[in-house]
Amino acid sequence: MQLQSILRHLLGIYHVYFILYATIWDIKHPNYLTYAGRWKTLTFVTCMINCWYFIASSLCDLILPKTSSLYKVIRRHLDIIFGGVVCPAAVLVVVAFWSIYNYSRPLIWPLMMDEVIPPLYAHMMHSLLGVMALLELFTFEHHFASYLKGFGLCLSYSIAYVSWLFFVKYKSGLWPYTLFSRISERGRYIFVGVVMGVMLVIYSILYLLHARFGKHPNTAIGNNTPRKVSKTRKIK
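If you're wondering where the values come from, they're calculated on a predicted model, not measured in any experiment.

Conventions used here
- Residues numbered from 1 in each chain as written.
- Predicted model: local features only at pLDDT ≥ 70, side-chain atom pairs only at ≥ 80, totals over all residues.
- Heavy atoms only, no water.
- Buried < 20%, exposed > 50% of the residue type's maximum accessible area, 1.4 Å probe, protein only.
- Salt bridge = Lys/Arg side-chain N within 4 Å of Asp/Glu carboxyl O.
- Helix = DSSP H or I, 4+ residues; strand = E, 2+ residues; numbered from the N terminus.
- Core = buried A, V, L, I, M, F, W, Y, C linked by side-chain atoms within 4.5 Å.
- Contact = heavy atoms within 4.5 Å.
- Axes fitted to C-alpha atoms, helices over the stretch in contact; angles between N-to-C directions.
- Left-handed = near helix turned anticlockwise from the far one by under 90°.
- Nonpolar A, V, L, I, M, F, W, Y, C, P; charged D, E, K, R; others polar.
- Phe/Tyr/Trp six-rings, centres within 6.5 Å; stacked < 30°, edge-to-face > 60°.
- 1 Å grid on protein atoms, 1.4 Å probe; cavity = no way out; pocket = protein on both sides within 12 Å on 5 of 7 lines; lining within 4 Å.
- Points joined across faces, edges and corners; volume = space filled by probe spheres on them.
- Patch = residues over 30% accessible without salt bridge, like charges linked within 9 Å, V, L, I, M, F, W, Y side chains within 5 Å.
- Areas by Shrake-Rupley, 256 points an atom, 1.4 Å probe, with all protein chains shown as cover.

**Student:** I tried to follow unusual backbone geometry on my own but got confused; where do I start?
**Tutor:** For residues that are not glycine, phi is negative in most cases, and the peptide bond is trans in most cases. Positive phi, normally seen in glycine, also occurs at Ala36, with a value near 75°. Taking relative accessible area as the criterion, Ala36 reaches 24% and is therefore assigned partly exposed.

What follows is the structure, given as structure tokens:
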């Protein structure tokens, strides 16, 4: 088995462990006891999507021959989802959490949370998630969709999650995040718009970085696929 395949499987095992730890060894986060439980937090939803992606990628590598047409079709769809949702969402979790944490910790991670969730686990949720996604991005070969198609997929995911947040508020009367209850209605819309904009910017940056430095990107710019140089004989 190639070293890269082993690395991908290890990434998958990491995400499975994370999900099992968060669900079976139920950490009593106060927010998990309300409507929708942990499923209303961006961190957990993103980790579930990452978990699904790495498990599917590992199974695809282990079961299907890389020369088969089925492998190529599945791999192509996985790459599109990874480029448009999985990687941008994982990086957004890191950027959003630590930005708010450094600005005003009580808004997103009060001191009491250190007694509920160990610091190591907190970093597993909000740091390693993005590191693993970036490692996957630049270590393995990916063939992304066009920029506009990926942009549309990323935007659709953002709208879907924001709609889910407002639905949770409608059903339970509580906002999933403390920050939302401390700002005005206008401020909430501005904040949501800014976060969605940040995610689209992250997608654009990752797309460009992958096009320049990724392995054989299927993009319009920065194609790193080696070119075949034709040799011509000199006629004396």
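Structure's up, so let's keep going.
**Student:** Where do I start with the pattern of salt bridges in this structure?
**Tutor:** All told, the structure shown has one salt bridge when counted by the stated rule. Between Arg75 and Asp79 there is a salt bridge, with its nearest N and O atoms 3.2 Å apart. Within this pair, Arg75 and its partner Asp79 are both found in helix 3 (residues 69–103), separated by four residues, close to a single helical turn.

**Student:** Would you explain the nonpolar core in this entry?
**Tutor:** Taken as a class, soluble globular proteins show a tendency for nonpolar side chains to be buried jointly. One finds Phe82, Cys87 and Tyr157 to be the most contacted residues of the largest nonpolar core, which totals 41 residues. Mapped by element, the contributors of at least two residues to this core are helix 1 (3–23), helix 2 (42–63), helix 3, helix 7 (128–139), helix 8 (147–172), helix 9 (178–182) and helix 10 (185–213). For this core, the element with the highest residue contribution is helix 3, accounting for 11 residues. Leaving out residues up to four positions away in the same chain, Tyr157 has contacts with Leu42, Val45, Thr46, Ile49, Val85, Ala89 and Met199. In this structure, Trp109, Tyr121, Ala122 and Met125 belong to the second largest nonpolar core, which totals seven residues.

**Student:** Got a minute to help me understand the packing of helix 3 against helix 7 in this structure?
**Tutor:** Angle between the axes and distance between the axes are the two parameters that describe a pair of packed helices. In the contact formed by helix 3 and helix 7, the axes pass within 7 Å of each other and the chain directions differ by 145°. Here helix 3 runs over helix 7; the crossing is left-handed. Across the interface between the two elements, Phe82, Cys87, Ala90, Val91, Val93 and Val94 of helix 3 pack against Leu129, Gly130, Ala133, Leu134, Glu136 and Leu137 of helix 7. Its residues assigned to classes, the contact of helix 3 with helix 7 comprises 10 nonpolar, one polar and one charged.

**Student:** I'm lost on the side chain of Thr46 in this one. Help?
**Tutor:** Mapped onto the elements, Thr46 comes out in helix 2. With relative accessibility at 1%, the residue Thr46 sits in the buried group. When sequence neighbours within four positions are dropped, the list of residues in contact with Thr46 reads Ala89, Ala90, Val93, Leu129 and Tyr157.

**Student:** What is the right way to look at the packing of aromatic side chains in this model?
**Tutor:** To describe a pair of aromatic rings, one takes the distance between the centres and the angle between the planes. If you walk through the whole model with that rule in mind, you get 19 aromatic pairs. Between the aromatic rings of Phe151 and Tyr203, the centroid separation amounts to 6.3 Å while the plane-to-plane angle is 65°, which identifies the pairing as edge-to-face. Of this pair, Phe151 sits in helix 8 while Tyr203 is found in helix 10, placing the two residues 52 residues apart along the sequence. Given a relative accessible area of 3%, Tyr203 falls into the buried group.

**Student:** Explain the layout of surface pockets here, please?
**Tutor:** With a probe scaled to a water molecule rolled over the atoms, the places where space remains empty come into view. If you add up the space inside the largest pocket, you get close to 910 Å³. Thr41, Leu42, Ile108, Pro176 and Tyr177 are, among the 42 residues lining the largest pocket, the residues nearest its centre. Of all the secondary-structure elements, those providing two or more residues to the lining of the largest pocket are helix 2, helix 3, helix 4 (105–108), helix 6 (119–126), helix 8, helix 9 and helix 10. Per-element accounting of the lining of the largest pocket gives the leading share, six residues, to helix 3.

**Student:** Whenever I open this one, a nonpolar patch on the surface confuses me. Can you help?
**Tutor:** A surface patch of nonpolar side chains, amounting to about 520 Å² of accessible area, comprises Leu134, Phe138, Val201, Ile205, Leu209 and Phe213. Mapped by element, the contributors of at least two residues to the nonpolar patch are helix 7 and helix 10. If you tally residues by element for the nonpolar patch, the top one is helix 10, at four residues. Within the secondary structure, Val201 sits in helix 10. Judged by relative accessible area, Val201 falls into the partly exposed class, the value being 46%.

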